[in-house]
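Overview (structure and organization)
Take a look at the letters that make up each chain.
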Amino acid sequence: MPTRNLVIALLISLLGWSAAVSGDDTKRKQLKALKSRIESVQRELNSNREKRNSEQRALREIETRLGKLQRELHNTQQALLRQKSQLSDLSARKRALDDKRRTQQTLIEQQILAAYQLGQEKKLKMLLNQQSPDTLSRALVYYDYFNRARTEQIHAYRETIAELNALEPAIEAKAAELDTTRADLKRQQSYLAARQKERQTTLAALDNQISSRDQKLKAMQAEQDDLLKLLQAIEEEVVNIALPESYRPFHTRKGKMTWPASGKTLHRFGTSRDGSSLNWNGVVIGATKGSPVKAIHHGRVVFSDWLRGAGLLIIIDHGGGYMSLYGHNESLLFDTGDWVKAGDTIATVGNSGGRTEASLYFEIRKNGRPTNPSGWCRG
């Protein structure tokens, strides 16, 4: 009977493992399908855009390259901070070891002096000495105590010296690593400055092309159409991608979420865009360039790329039909398929998409329809 129970348990375990593997395979296939669909839509949008405007294509290429460079720069800066912290920890450890070594050295000196004051007699000499048994016993105990203490202290002292000797090259190596990272950072910043000049030239060319009010309205309408087409493609795929059961439903956090960026609201939900018949489907937050953009809730990144009008855009699916969008970024720090937690820095504020000032475009959608972010975020 026990054998039969064991076999049943093993079968159940194998079935569970098989189901888990099958589930992982399904998720991978779903994610692959999502990426494929997005790439297809992007190719179509890019093709249409190229037919309409070569300058828009140039802007996309430049801002995409700038975004990747900014991400590398961000990672290098983070590495620099980690290396500085590590070097600081190593230096602090060295100072602590130096203090420990000096303390140990003092203790050894004191023990040697105490042993000398106790008497320099060896055990055999003390045994042959004509002292009383009590005096002899105490002397032997003191002798053994100081001998053991001295041996332990000397051993600890040697270990401290060995650790200090190993620490010296580690500090030198970390300092050299820090210098290399600083040089990389300087090189990246120089390259970035050159690319930003290219962007300014492209923007100036675009401004010359879009001069009339009608042209600007058509451009805004085309940008909005691109975003809607992308969102429809995403919605068709993400319905099959389930979030972990442990995730808290998006709707339960209504009115309690933190805004994704700090700054003044430049454009509010539902207001007219430049006095036209088009309205804002989200809000525009004026924020400092390079400052963090944080996810308002946990979920999965379903888009992380450049889109006309929105610039470097990241879209997160939160499950239950809810999605949040973050546009005009300087860099994107997560890729399509990545999981994010509430408060994760997913991007940095920028002016991509042809904007002249740094800002964040933020939008929340439920079942494809825009909803006022002010009803969801506090502050």
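Scroll up a little and you will see the structure.
Residues numbered from 1 in each chain as written. Predicted model: local features only at pLDDT ≥ 70, side-chain atom pairs only at ≥ 80, totals over all residues. Heavy atoms only, no water.

The tally for this structure, following the rule as stated, stands at six salt bridges. Note that lysine 289 and glutamate 330 form a salt bridge whose closest N and O atoms lie 2.9 Å from each other. Highlighted residues: lysine 289 in the loop between β3 (283-286) and β4 (292-294) and glutamate 330 in strand β7 (residues 322-332), separated in sequence by 41 residues. Among the residues examined, lysine 289 registers a relative accessible area of 39% and is labelled partly exposed. By relative accessible area, which is 14% here, glutamate 330 ends up buried. Of the charged contacts in the structure, one is a salt bridge between arginine 365 and glutamate 363, with a shortest N-O distance of 2.3 Å. (Salt bridge = Lys/Arg side-chain N within 4 Å of Asp/Glu carboxyl O. Helix = DSSP H or I, 4+ residues; strand = E, 2+ residues; numbered from the N terminus. Buried < 20%, exposed > 50% of the residue type's maximum accessible area, 1.4 Å probe, protein only.)

Moving on, we come to the nonpolar core. One finds Ile296, Tyr326, Ile346 and Phe362 to be the most contacted residues of the largest nonpolar core, which totals 31 residues. Elements that contribute at least two residues to this core include exactly β3, β5 (299-307), β6 (311-319), β7, β9 (345-349) and β10 (360-366). When near neighbours in sequence (up to four residues on either side) are disregarded, isoleucine 296 contacts Phe250, Met257, Thr258, Pro260, His318, Ser324, Tyr326, Ala342, Phe362, Ile364 and Cys377. Counting residues in hydrophobic clusters, the runner-up holds 13 residues, among them Ile62, Leu97, Leu178 and Leu192. (Core = buried A, V, L, I, M, F, W, Y, C linked by side-chain atoms within 4.5 Å. Contact = heavy atoms within 4.5 Å.)

Let's shift gears to the packing of aromatic side chains. Applying the stated criterion across every chain, the model contains seven aromatic pairs. Plain terms: the ring middles of phenylalanine 250 and tryptophan 376 are 5.0 Å apart, the flat faces sit at 40° to each other, and that makes the pair tilted. Pair noted here: phenylalanine 250 is in the loop between α5 (213-238) and β1 (257-258) and tryptophan 376 is in the loop between β11 (369-371) and β12 (377-378), with a separation of 126 residues, a long-range link. With a centroid separation of 5.3 Å and 70° between ring planes, the pair formed by tyrosine 322 and tryptophan 376 is classed as edge-to-face. Of this pair, tyrosine 322 sits in strand β7 while tryptophan 376 sits in the loop between β11 and β12, and the two are 54 residues apart along the sequence. On the basis of relative accessibility, which here comes to 4%, the residue tryptophan 376 falls in the buried class. Here the aromatic cluster, defined as three or more aromatic residues joined through ring pairs, consists of Phe250, Tyr322 and Trp376. The aromatic ring of tryptophan 376 is capped on one face by lysine 254, whose charged end is 5.0 Å from the ring centroid. Over the aromatic face of tryptophan 280 sits the side chain of arginine 273, whose NZ or CZ is 4.3 Å from the ring centroid. (Phe/Tyr/Trp six-rings, centres within 6.5 Å; stacked < 30°, edge-to-face > 60°. Lys NZ or Arg CZ within 6 Å of the ring centre and 35° of its normal.)

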